[in-house]
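Here are the chains, one letter per residue:
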Amino acid sequence: MGGCFSKPKPVEVKIEVVIPEKERSKEEMSPNGKASPLIYKVNGTARHYHLEEHPIASNPYHNPKDVVEASVCHVKDLENGQMREVDLGCGKALLIKESGEFHAVGHKCPHYGAPLVKGVLSKGRVRCPWHGACFNISTGDIEDFPGLDSLPRFQVKIEKEKVYIRASKQTLQTQRRTKMMAKCISLSNYNLSSTNVLIIGAGAAGLVCAETLRQEGFSDRIVMCTMDRHLPYDRPKLSKSMDSHPEQIALRPKEFFCTYDIEVLTEMQVAAVDVKSKIAVFKDGFKMEYNKLLIATGSTPKTLSCKGKEMENVFNIRTPEDANRVVKLATSKNVVIVGASFLGMEVAAYLAERAHSVSLVELEHVPFKKFFGERVGRAVMKMFENNRVKFYMQTEVSELREQEGKLKEVVLKSGKVLRADVCVVGIATFGFTPGAVPATGFLKQSGINIDSKGFIVVNKMMQTNIPGVFAAGDAVTFPLALRNNKKVNVPHWQMAHMHGRIAALNMLAHGTEISTVPYLWTAMFGKSIRYAGHGEGFDDVVIQGDLDELKFVAFYTKSDEVVAVASMNYDPIVSKVAEVLAAGRTIRKRDVELFVRHGKTGDMSWLTGKGT
């Protein structure tokens, strides 16, 4: 095809790749090409930094041999609100028409490579059909998460009624763009025990906070500290791709942190925080002063309380080494998983083809009941049973028995005894159901507001009750606009990214409030369930499709309002609903009931915003 779509008397569009930021001068930091002085205080001393302005070269292509041109399509081939992948022979671009204007960006989501042409276009942004990340169609910038990189942006021009795409071959192949970032000035002059920004925790929230600060031109010292031995990595893959090595799931390579002067202290645990003196005290006695603090410590998984819980071959999967060791020990052996949580179910699915047997113990009578509802839970349970996973429901573990120091049997309170060479503890962590404990014990005497369950309480700007102290990720409760600003805990990957960004912007006094729709996914046996919204307290589930065939969409309602949606093999319905909710529109139960009653031919104006 070569990207050509012939029609009589074609008008041609010329698409020119905009120079990737990394190819511009390293001093040019601002996304809009402008630089403004920055003032921050370190230990009470005002310091002024600016970003030097450099004109963008008129010819962004340093190597003409790296440039490709190809015919695309007639202008009228695309209606407003339509997207099309165009093939340039050495790569593809996503061509978009909205409000009479053409835009072109990378065609793959930088997160996991989803085809964005199958996503959702709405009011100047495209949302990924798989995991909900959003990108501005004019700039390519990432606006909602998960993921760290933006899309490459191609300049669209209409000249003499002809259509062309002109792009860098390299950019077409990489399909991602890292935003321009500042670097730390005079790093060598710093006292090792003093930093402007200290980030406790090196997960998604901490990393996005650090990157956002640099993207916004912040050029003072940033220190991240983590109890982990690794640089930030893609934690959801610990249960979805258990044999991945740390370097395979790293969110950024080591060189990235060096290039942008983001210091990471590994295997360092903060034992206390003195908010009056602005000092963090580490477990080994080391002390570090800070000006601004982000607490993003996540949660600690629940452990078993029965006899034998400390024996060898009993795991809470917290690190790549844990996951790797479980896979190695479970191969051709008997595995017992305690808890039908996302982690527990994903581990069961991953090990089903590798282990001799996989047994799953759960207190509820249906997995995922409190999150997805009983009908969806039963459909998922049937899928697992068809893949040789045995369930033991409505019971708990009473004892772990050993032989020669190693796990041999798991005894249930029902009296059943299960053979077990490996036990994985994955007690439910469903966000609005009991699960992991927030890792905030070190803050008890700090004066930072902690609720009765141990969560850090923050406002819409991720600020705690202490000036200059912010918190993000699994350890916080925050006002969710989607649920009338109810304080909620949403321990999901996408939300941690957004928390980190909002915290960073408000460290810089932007006054930005969080406004996002929770979005999560789980992957089992090559199938994914996608979910958007916050379904806590749902009182009914309206289902369209076939649960037995695992092709369905489920709408979770509370009174007359849809509060969440889940789907399997029904893309991009969840991303469509997420966009409706993100726009502040309400979806009524009666609307989805009519949609279900009439199938795909029913009225879908509630998804387009054209209805009442």
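Residues numbered from 1 in each chain as written. Predicted model: local features only at pLDDT ≥ 70, side-chain atom pairs only at ≥ 80, totals over all residues. Heavy atoms only, no water.

### Here's the deal with the pairing of strand β18 (residues 279-282)
Moving on, step 1. Burial of the side chains of β18 is restricted to one face: Ala280 and Phe282 are buried, whereas none of Ile279 and Val281 on the reverse face is.
Moving on, step 2. Counted between consecutive antiparallel strands, the loop separating strand β17 (residues 270-274) from β18 contains four residues, among which Lys278 sits at a positive phi close to 55 degrees.
Moving on, step 3. Relative to strand β19 (residues 287-289), β18 runs antiparallel, the two sharing three bridges. The partner of Ile279 across the bridge, within β19, is Glu289.
Moving on, step 4. Counting the residues in the hairpin turn of β18 and β19 gives four residues, including Gly285, whose phi is positive at 100 degrees. (Buried < 20%, exposed > 50% of the residue type's maximum accessible area, 1.4 Å probe, protein only. Helix = DSSP H or I, 4+ residues; strand = E, 2+ residues; numbered from the N terminus. Pairing = 2+ DSSP bridges.)

### Section: a positive patch on the surface
Moving on, step 1. A contiguous patch of positive charge on the surface is contributed by Lys333, Lys406, Lys408 and Arg419.
Moving on, step 2. Of note, Lys408 is situated in strand β27 (residues 406-412).
Moving on, step 3. Taking relative accessible area as the criterion, Lys408 reaches 36% and is therefore assigned partly exposed. (Patch = residues over 30% accessible without salt bridge, like charges linked within 9 Å, V, L, I, M, F, W, Y side chains within 5 Å. Areas by Shrake-Rupley, 256 points an atom, 1.4 Å probe, with all protein chains shown as cover. Salt bridge = Lys/Arg side-chain N within 4 Å of Asp/Glu carboxyl O. Lys, Arg positive; Asp, Glu negative; His and termini not counted. Charge placed at Lys NZ, Arg CZ, Asp CG, Glu CD.)

### A word on the nonpolar core
Moving on, step 1. In this structure, Leu198, Leu213, Val273, Leu294, Ile295, Phe478 and Phe555 are the most contacted members of the largest nonpolar core, which totals 99 residues.
Moving on, step 2. Looking at this core, the element that brings in the most residues is helix α9 (residues 493-507), giving eight residues.
Moving on, step 3. For Leu294, the contacting residues outside a window of four places in its chain are Leu198, Ile199, Ile200, Ala205, Gly206, Cys209, Phe470, Ala471, Ala472, Ala503 and Met507. (Core = buried A, V, L, I, M, F, W, Y, C linked by side-chain atoms within 4.5 Å. Contact = heavy atoms within 4.5 Å.)

### Observations regarding the packing of aromatic side chains
Moving on, step 1. Enumeration over the complete set of coordinates arrives at 16 aromatic pairs.
Moving on, step 2. With a centroid separation of 6.2 Å and 65 degrees between ring planes, the pair formed by Phe384 and Phe391 is classed as edge-to-face. Residues Phe384 and Phe391 agree in their burial class; the two are buried.
Moving on, step 3. An aromatic cluster is built from Phe342, Phe368, Phe371, Phe372, Tyr531, Phe538 and Tyr556, whose rings are joined through pairwise contacts.
Moving on, step 4. Against the face of Tyr392 rests Lys390, its NZ or CZ located 5.8 Å from the ring centre. (Phe/Tyr/Trp six-rings, centres within 6.5 Å; stacked < 30°, edge-to-face > 60°. Lys NZ or Arg CZ within 6 Å of the ring centre and 35° of its normal.)

### Some words on α9
The α-helix advances 3.6 residues per turn, and as a result positions three or four apart in sequence lie on the same side.
Moving on, step 1. For α9, which comprises 15 residues, the first-to-last C-alpha distance of 22 Å matches the rise-based estimate of 21 Å (1.5 Å per residue) to within 8%.
Moving on, step 2. Within α9, 15 of the 15 residues are buried, leaving the element largely enclosed by the surrounding structure.
Moving on, step 3. Remark: Ala509 follows α9 within two positions and exhibits a positive phi of approximately 65 degrees. (Expected span 1.5 Å × (residues − 1).)

### Looking at the sheet that holds strand β24 (residues 357-362)
Moving on, step 1. Spatial strand order, β22-β29-β23-β24-β25: five strands in an open sheet with parallel pairing. On the outer flanks of this sheet lie β22 (314-315) and β25 (389-393), each paired with one strand and no other.
Moving on, step 2. Bridge count between strand β23 (residues 334-338) and β24: five bridges; the pairing is parallel. Counterpart to Val336 in the pairing with β24 is Ser359.

### Focus on the pairing of β17
Moving on, step 1. Bridge count between β17 and β18: four bridges; the pairing is antiparallel. In the sheet register, Ala272 faces β18, and the bridge partner there is Val281.

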